[in-house]
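Observations on the model geometry
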Amino acid sequence: MAIEDDIKQKKFKNEYSKVIVNLLFTTSWVQEQHALLFKPFGITAPQYNVLRILRGQNNKPATINLIIDRMIDRMSNASRIVDRLEYKGLVERKTCPKDRRAVDVLITPKGMDYLAELDIALAEFEKKLAAMPENEVSQLNDLMDKLREAPLLNK
């Protein structure tokens, strides 16, 4: 469905305005879909993101700062997310042997099992995207990468 139909707006100032609205609307739609996907598992998309990052560490510990640097939503409170995952037994915190002031975060075997189940659900979710041919998905990825290269606002 066209963005004009989704938000019931007939005209945009220009194509640049339209693409911004379209990206924001589509981002919101994808986040909503992810929330529905993760809900039966009792986790949120940011919690999944942290688990995915920790799995990518290949049994090496991660600091909260490393997690923040790799998160999709860097505005998330990584410490609270780790707290919730620790409460669920999906991650554990350990004092860093090299720096006793630092805390290392590791994914637990239960967390790895959890991700294996989520991987199956995500694969099913991704199959639904097959309405778009892979070459178009690749082109969309390239275009989004190119968009982020534009010098917009600095932090």
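Cut-offs applied
- Residues numbered from 1 in each chain as written.
- Predicted model: local features only at pLDDT ≥ 70, side-chain atom pairs only at ≥ 80, totals over all residues.
- Heavy atoms only, no water.
- Helix = DSSP H or I, 4+ residues; strand = E, 2+ residues; numbered from the N terminus.
- Rg over C-alpha atoms; globule rule 2.2 N^0.38 Å.
- Buried < 20%, exposed > 50% of the residue type's maximum accessible area, 1.4 Å probe, protein only.
- Contact = heavy atoms within 4.5 Å.
- Areas by Shrake-Rupley, 256 points an atom, 1.4 Å probe, with all protein chains shown as cover.
- Phe/Tyr/Trp six-rings, centres within 6.5 Å; stacked < 30°, edge-to-face > 60°.
- Axes fitted to C-alpha atoms, helices over the stretch in contact; angles between N-to-C directions.
- Parallel < 35°, antiparallel > 145°, perpendicular 65-115°, else oblique.
- Nonpolar A, V, L, I, M, F, W, Y, C, P; charged D, E, K, R; others polar.
- 1 Å grid on protein atoms, 1.4 Å probe; cavity = no way out; pocket = protein on both sides within 12 Å on 5 of 7 lines; lining within 4 Å.
- Points joined across faces, edges and corners; volume = space filled by probe spheres on them.

Within the protein one finds 7 helices and 2 strands. Secondary structure elements in the protein, listed N-terminal to C-terminal, are α-α-α-α-α-β-β-α-α. Here the C-alpha radius of gyration of the protein, 19 Å, is well above what a compact globule of 155 residues would show, namely 15 Å. If one aligns the C-alpha atoms of the protein with their principal axes, the spans along those axes are about 60 × 35 × 25 Å. The burial tally for the protein puts 25% of its 155 residues in the buried class. For the protein, restricting intrachain contacts to residue pairs at least 6 apart in sequence, the fraction spanning at least 24 positions comes to 44%. Put simply, the protein shows about 11,900 Å² of open surface, and 55% of that area lies on carbon and sulfur atoms.

Moving on: the packing of aromatic side chains. The way to describe two aromatic rings as a pair is by their centre distance and the angle between their planes. Per the stated rule, a full pass over the model turns up 2 aromatic pairs. Arranged with centres 4.9 Å apart and planes meeting at 25°, the rings of Phe 38 and Tyr 48 form a pair that is stacked. Here Tyr 48 lies in helix α3 (residues 45-56) and Phe 38 lies in helix α2 (residues 15-38), a separation of 10 residues in the sequence. Each member of the pair Phe 38 and Tyr 48 is classed as buried. Seen in terms of ring centroids, Phe 41 and Tyr 114 are 6.4 Å apart; in terms of plane orientation they differ by 75°. Their pairing is edge-to-face. Here the residue Phe 41 occupies a position in the loop between α2 and α3, and Tyr 114 occupies one in helix α6 (residues 109-127), the gap between them amounting to 73 residues. Of the residues examined, Tyr 114 reaches a relative accessible area of 19% and is grouped as buried.

At a minimum axis distance of 10 Å, the contact between α3 and helix α5 (residues 78-87) shows a crossing angle of 80°. Classified by the angle between their axes, α3 and α5 sit roughly perpendicular to one another. Between α3 and α5, the contacting residues are Pro 46, Gln 47, Val 50 and Leu 51 on the first element and Ile 81, Val 82, Arg 84 and Leu 85 on the second. Its residues placed into classes, the contact of α3 with α5 shows 6 nonpolar, 1 polar and 1 charged.

Empty space left among the atoms is revealed by rolling a probe the size of a water molecule over them. Approximately 2,500 Å³ is the volume found for the largest pocket. Leu 23, Thr 26, Thr 27, Val 30 and Met 144 are, among the 50 residues lining the largest pocket, the residues nearest its centre. For the lining of the largest pocket, the element with the most residues is α2, which contributes 18 residues. Tallied by class, residues from the lining of the largest pocket come to 29 nonpolar, 10 polar and 11 charged. Approximately 230 Å³ is the volume attributed to the second largest pocket. In terms of lining, the second largest pocket is formed by Met 1, Ala 2, Ile 3, Glu 4, Asp 6, Lys 18, Asn 22, Phe 25, Thr 26 and Trp 29. Top element by residues in the lining of the second largest pocket is α2. It accounts for 5 residues.

Relative to the assigned elements, Ile 67 resides in helix α4 (residues 64-70). Given the relative accessible area of 0%, Ile 67 is considered buried. Spatially, the C-alpha atoms of Ile 67 and Asn 49 are 9.2 Å apart, while their sequence positions differ by 18 residues. Once residues within four sequence positions are removed from consideration, Ile 67 is found in contact with Val 50, Ile 53, Leu 54, Ala 62, Ala 78, Val 82 and Val 105.

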